[in-house]
Amino acid sequence: MPPQGSKKQRWYLGGIAGSGAVCITHPLDLIKVHLQIQKKNRNVLQLIQNNAARWGILSFYSGLSASITRQMTYSTARFGVYEYLQNLHRERGEVAAFHQRLAYAGLGGVVGAAVGNFADVINVRMQWDIKQPEAERYNYKHVLDGTTRIIRSEGVAVLFRGVGPNCGRAALMNIGQVAFYDQTKDTLLRMELIGDNTGGHFVCSFIAGTAATLITQPFDVVKTRVMQGSRYSGVIQCIIATAKEGPKSFYKGFVPAWVRLSPQTILTWIMLEKLRKVFPAT
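Each value, and the rule that gives it
- Residues numbered from 1 in each chain as written.
- Predicted model: local features only at pLDDT ≥ 70, side-chain atom pairs only at ≥ 80, totals over all residues.
- Heavy atoms only, no water.
- Salt bridge = Lys/Arg side-chain N within 4 Å of Asp/Glu carboxyl O.
- Buried < 20%, exposed > 50% of the residue type's maximum accessible area, 1.4 Å probe, protein only.
- Helix = DSSP H or I, 4+ residues; strand = E, 2+ residues; numbered from the N terminus.
- Phe/Tyr/Trp six-rings, centres within 6.5 Å; stacked < 30°, edge-to-face > 60°.
- Lys NZ or Arg CZ within 6 Å of the ring centre and 35° of its normal.
- Contact = heavy atoms within 4.5 Å.
- Expected span 1.5 Å × (residues − 1).
- Bend = angle between axes of the 7 residues up to and from the residue.
- Core = buried A, V, L, I, M, F, W, Y, C linked by side-chain atoms within 4.5 Å.
- pLDDT = per-residue confidence, 0-100.

1. Re the pattern of salt bridges
And step 1. Under the counting rule described, the total for this entry stands at 12 salt bridges.
And step 2. Of the charged contacts in the structure, one is a salt bridge between Glu94 and Arg92, with a shortest N-O distance of 3.3 Å.
And step 3. For Glu94, a relative accessible area of 36% puts it in the partly exposed group.
And step 4. The salt bridge involving Asp145 is made with Arg149; its shortest N-O contact spans 3.2 Å. In this pair, Asp145 and Arg149 both sit in helix H5 (residues 143-153), four residues apart, roughly one turn of the helix.
And step 5. Owing to a relative accessible area of 32%, Arg149 belongs among the partly exposed residues under this scheme.
And step 6. Put simply, Glu83, Arg90, Lys185, Asp196, Glu273 and Arg276 are held in one network by salt bridges that share partners.

Below is the structure:
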């Protein structure tokens, strides 16, 4: 079976698919953030039980508006850059080579992370707020409230806190989620091991989600800790402090990160493939 077609894909569908997926997976993202920042060594089940008992089930959706905003900015940009560069090959009737896909996905991830960093900062703060003492909470009502309050009280620069590790993580994330998905799909279709259907999309996105989690987790831990607040003076200090806790500290929250990222990757790609059928390539 031939690889993906030569028609140009619609670049903006990725943000819509990502936003739909995050509405389902947001509680897993919140649990991951709490595991990465916590000072006590609670496991996943203990953390879930504690949060549910103290703050209720709805607390697992703290920061949802920021998560959706992040997907509409970050995912739209990362998929948009990747598809634009892929479309240059499609216009010539070519299929981009794997190393080209890696480069395009990495670039898309960097652009997306820079565009969506402000929403990521607010998302982390809103997710962590319920764990803070009353006097230390930010109490953002929604992403717009958080953005305006940060600009007024802390300055615009704070919205770009952690943008360095975030861009590095996003480049690797996009390589895992997007380039690996496309390459896996093309390879398995060519070998006739899967069909271009929901089952095939599930297999390819599962592989992509696992790859993305493995290569991004250390960046994710550093990014989350830096964005959370003023605990660290910068990225380097955060890396050093985390390293002193032991190498495993860079993989804190790996299981919930995988549990969150794999479903998110699967849902994003299944939704995106469905959207591509509703709004076909031109």
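2. Description of the packing of aromatic side chains
And step 1. This model, assessed by the stated rule, comprises eight aromatic pairs.
And step 2. On the basis of an interplanar angle of 25° and a centroid distance of 5.3 Å, the ring pair of Tyr138 and Tyr140 is categorised as stacked.
And step 3. The partly exposed category is assigned to Tyr138, whose relative accessible area is 22%.
And step 4. On the basis of relative accessible area, Tyr140 is assigned to the buried category, the value being 9%.
And step 5. Chaining the aromatic ring pairs together yields one cluster made of Phe79, Tyr181 and Trp269.
And step 6. The residue whose ring lies beneath Arg70 is Tyr74, and the NZ or CZ to ring-centre distance is 4.2 Å.

3. Comments concerning the environment of Ala77
And step 1. When you line up the elements, Ala77 lands in helix H3 (residues 64-91).
And step 2. When its relative accessible area of 16% is taken as the criterion, Ala77 is described as buried.
And step 3. Counting along the chain gives 55 residues from Ala77 to Gln132, while the straight-line C-alpha distance between them is 33 Å.
And step 4. The contact partners of Ala77, leaving out residues within four places of it in the chain, are Gly108, Val111, Gly112 and Val115.

4. Quick notes on helix H4 (residues 98-128)
And step 1. With 31 residues, H4 should cover 45 Å at 1.5 Å per step; its first-to-last C-alpha distance of 38 Å lies more than 12% under that length.
And step 2. Taking the largest bend as the criterion, H4 deviates by roughly 60°, centred on Gly116.

5. Some details on the environment of Met126
And step 1. By the element assignment, Met126 lies in helix H4.
And step 2. Sequence separation of Met126 and Tyr232 is 106 residues, and the distance between their C-alpha atoms is 19 Å.
And step 3. With sequence-adjacent residues up to four places away left out, Met126 is seen in contact with Ser62, Gly63, Ser65, Ala66, Tyr140, Lys141 and His142.

6. Considering the nonpolar core
And step 1. Core analysis: the largest hydrophobic core is formed by 21 residues, its most contacted members being Trp269 and Leu272.
And step 2. Looking at this core, the elements that each hand over two or more residues are helix H1 (13-37), H3, H4, helix H6 (163-190), helix H7 (198-228) and helix H9 (254-278).
And step 3. Look past the residues within four positions of Trp269 in its chain and what remains in contact with it is Phe79, Gln177, Val178, Tyr181, Asp182, Ser205 and Arg276.
And step 4. In terms of nonpolar packing, the next biggest core, distinct from the first, is built from 14 residues, Val33, Val121, Val158 and Leu159 among them.

7. Considering the confidence of the model for the chain
And step 1. Taken over all residues, the pLDDT of the chain has a mean of 87, while the share at 70 or more is 96%.
And step 2. For residues 1-5, every residue scores under 50 in pLDDT, and the model assigns this stretch 12 contacts once sequence neighbours within four places are set aside.

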